[in-house]
Amino acid sequence: MDDGRPLFLQIAEQIESSIIDGSLPEEGQVPSTNELAAFHRINPATAAKGVNQLVADGVLYKRRGIGMFVSTGARTQLLERRREEFAKQFIAPLLAEARKLGMEAEHVKKMIDVWGDDE
């Protein structure tokens, strides 16, 4: 929790990651803002801001008097959004550089296949 970005965004992304990896299942209860604040040693209002961002995005919903829960379809929604962000952050610049080097997309695909086999 210290990469220079606002803490509430880091809280929201941490919850999103837990939903994506399945440790917070759909319809599962999310830790309370007080629990998040205590765990991360931050102000509860900051934790609440991160949680409320996810509510506004439709990822979480509130059950009055019980707490926050992961919305049905949240994992799919988050995966789609993260894939789009991945493409913008990594694929678009990769293809732009490949074009500068005179490489066709097919050549880039072959390179990815070769480098991907090293796992």
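These remarks concern the structure in this document. Given the structure is predicted, the values throughout are model-derived calculations rather than measurements.

### A closer look at a nonpolar patch on the surface
A surface patch of nonpolar side chains, about 440 Å² in accessible area, is lined by Phe 86, Phe 90, Ile 91, Leu 94 and Ile 112. Ranked by residue count, the leading element in the nonpolar patch is helix α4 (residues 74-100), at four residues. Considering the arrangement of structural elements, one finds Ile 91 in helix α4. Note on Ile 91: relative accessible area 31%, which makes it partly exposed.

### Description of the pairing of strand β2 (residues 67-70)
Relative to β2, strand β1 (residues 60-63) is paired through four bridges, and the arrangement is antiparallel. Across the sheet, residue Tyr 61 finds its bridge partner in β2, namely Phe 69. Taken together, β1 and the strand that follows it, β2, pair antiparallel across an intervening segment of three residues, in which Gly 65 is found at a positive phi of about 80°.

### Remarks on the packing of aromatic side chains
Inspection of every chain in the model, using the stated rule, returns two aromatic pairs. With a centroid separation of 5.1 Å and 40° between ring planes, the pair formed by Phe 86 and Phe 90 is classed as tilted. Of this pair, Phe 86 and Phe 90 both sit in helix α4, four residues apart, roughly one helical turn. You can call Phe 90 partly exposed: its relative accessible area is 43%. Directly above the ring of Phe 8 sits Lys 49, whose terminal nitrogen or CZ lies 4.3 Å from the centroid.

What counts and how
- Residues numbered from 1 in each chain as written.
- Predicted model: local features only at pLDDT ≥ 70, side-chain atom pairs only at ≥ 80, totals over all residues.
- Heavy atoms only, no water.
- Patch = residues over 30% accessible without salt bridge, like charges linked within 9 Å, V, L, I, M, F, W, Y side chains within 5 Å.
- Areas by Shrake-Rupley, 256 points an atom, 1.4 Å probe, with all protein chains shown as cover.
- Salt bridge = Lys/Arg side-chain N within 4 Å of Asp/Glu carboxyl O.
- Helix = DSSP H or I, 4+ residues; strand = E, 2+ residues; numbered from the N terminus.
- Buried < 20%, exposed > 50% of the residue type's maximum accessible area, 1.4 Å probe, protein only.
- Pairing = 2+ DSSP bridges.
- Phe/Tyr/Trp six-rings, centres within 6.5 Å; stacked < 30°, edge-to-face > 60°.
- Lys NZ or Arg CZ within 6 Å of the ring centre and 35° of its normal.

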